[in-house]
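# Structural description and commentary
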Amino acid sequence: MRKGDWIQTYTGIQFYPLDPRIEEIDIRDIAKALAFICRFTGHSKSFYSVAEHSVRCAMYITKNFREHPRHLEIKKAALLHDAAEAYIGDFSRPLKRSLLQSGITLIKEIEDRLLTMIYEKYGVTIDEQIQSIVNETDLIMLKDEADFLMYDSSVWTELQSVKKGNMPFGDIHIPWTPGKAEYEFKSTFIKVFKVDNAFPPIENKRKPETQWYKGRTATQIPINRDQKIDNLTDDNSPIDDGG
């Protein structure tokens with residue numbers, strides 16, 4: 001008997017957040033879910049996904065830690081540091097902090113257990129040094145993102161002493177769509193983890209559905225579940241392989 005109840009993932013897995021199994025973790029589910037989860041509990045000026053945040057954290061490591069002897073290990077941890085949210089959602093930082101201050105540790109325990117399992121699944125090394133760098137990167141990116149995307153980030157006292165990342169955000173004021181964020185997350189994963197066939201096509205067992213669209217019924221759902229992500233090592237990706 002499994003503990004708790006299950007969610008159905010994008011690939012069709014019945015996943016138990018309270019009783020996870022390492023063989024049920026799938027990077028395709030992580031990429032899809034993070035691309036559709038909005039940062040800032042949805043209160044940003046535009047939709048901004050956890051997947052885009054994760055890729056930009058990896059970009060920051062590429063820019064600032066290229067000469068670090070463990071830069072590739074750090075980059076892997078940075079890309080997947082929010083991966084547990086694919087299975088439990090993105091609880092806001094103030095909420096998690098308030099719960100801990102009240103002695104409620106369940107959410108943190110669930111998240112930590114899931115993240116540890118995801119790191120183990122994909123061979124990510126995590127120790128005090130790497131965790132410290134990832135935490136600092138996460139906070140720096142939060143400051144930059146909040147400056148661009150939130151109503152008034154100047155009132156966030158916890159960010160006042162955080163240095164700016166000075167990332168080449170370019171069009172961050174027009175963040176990636178979920179499809180673009182998913183693609184870039186997958187592309188970055190392939191390059192950083194140096195894996196082949198990490199995203200095989202998903203067998204679609206669903207029956208054709210009818211969807212109302214612009215006043216008409218459509219039998220084809222406008223999503224491509226079988227898109228292959230095979231050749232993503234071109235120069236258009238936002239992150240290099242880091243050697």
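Read on for a plain summary of the structure. (Residues numbered from 1 in each chain as written. Predicted model: local features only at pLDDT ≥ 70, side-chain atom pairs only at ≥ 80, totals over all residues. Heavy atoms only, no water.)

## Some thoughts on the overall build of the chain
As a reminder, the rule being used: Strands are runs of DSSP state E lasting at least 2 residues, helices are runs of H or I lasting at least 4, and numbering of each runs from the N terminus. When a residue's accessible area, from a 1.4 Å probe over protein chains only, is under 20% of the maximum for its type it is buried; when over 50% it is exposed; and in between it is partly exposed. Whether two residues are in contact is decided by their heavy atoms, any of which lying within 4.5 Å being enough.
Looking only at helices and strands, the chain features eight helices and four strands. Beginning at the N terminus, the succession of helices and strands in the chain can be written as β-β-α-α-α-α-α-α-α-α-β-β. When each of the 243 residues of the chain is scored for burial, the buried share is 46%. Looking at the chain alone, contacts between residues at least 24 apart form 68% of all its contacts between residues at least 6 apart.

## Side note on the packing of aromatic side chains
The test is simple: Note on aromatic contacts: the rings of Phe and Tyr and the six-membered ring of Trp form a pair at centre separations within 6.5 Å, being stacked when their planes are under 30 degrees apart, edge-to-face when over 60 apart, and tilted otherwise.
Summed over the entire model, instances satisfying the criterion amount to five aromatic pairs. Ring centres of F15 and Y87 lie 4.0 Å apart, and the angle between their planes is 20°; on these two criteria the pair is classed as stacked. Within this pair, whereas F15 is found in strand 2 (residues 14-15), its partner Y87 is found in helix 4 (residues 85-88), the two being separated by 72 residues in sequence. Note on accessibility: F15 and Y87 belong to one class, buried.

## Some words on the side chain of R39
Spelled out, the test is: Polar contact criterion, stated in full: a pair of N or O atoms within 3.5 Å, where within protein one must be able to donate a hydrogen and the other to accept it, and residues adjacent in sequence count only if both atoms are side-chain atoms.
With respect to the helices and strands, the residue R39 is situated in the loop between helix 1 (27-36) and helix 2 (50-64). Within polar-contact distance, the side chain of R39 engages the side chain of E145 at 2.8 Å. Here R39 is in contact with S44, Y48, S49, V50, H53, D82, D90, L142 and E145, once residues within four sequence places are set aside.

## Here we look at helix 3 (residues 71-80)
Of all the 10 residues making up helix 3, eight are buried; the element is thus mostly covered by neighbouring parts of the structure. Every buried residue of helix 3 is listed here: H71, I74, K75, K76, A77, A78, L79 and L80.

## Some points on the nonpolar core
The line we're drawing: Definition of nonpolar core: a set of buried residues of the types Ala, Val, Leu, Ile, Met, Phe, Trp, Tyr and Cys, connected through side-chain atoms within 4.5 Å.
Residues I30, L80, F185 and F189 are the most contacted members of the largest nonpolar core, which totals 57 residues. Where this core is concerned, the elements lending two or more residues are helix 1, helix 2, helix 3, helix 4, helix 6 (106-121), helix 7 (128-149) and helix 8 (178-193). Excluding its chain neighbours within four sequence positions, the residues that come into contact with I30 are I25, A83, A86, Y87, I118 and F185.

## Structural notes on the environment of D127
Position of D127 relative to the elements: it lies in the loop between helix 6 and helix 7. Using a relative accessible area of 30% as the deciding quantity, one classes D127 as partly exposed. For D127 and I74, which are 53 residues apart along the polypeptide, the C-alpha to C-alpha distance reads 10.0 Å. Looking at D127, its side chain comes within polar contact range of the side chain of R70, at 2.8 Å. For D127, the side chain forms a polar contact with the main-chain nitrogen of I130, separated by 3.0 Å.

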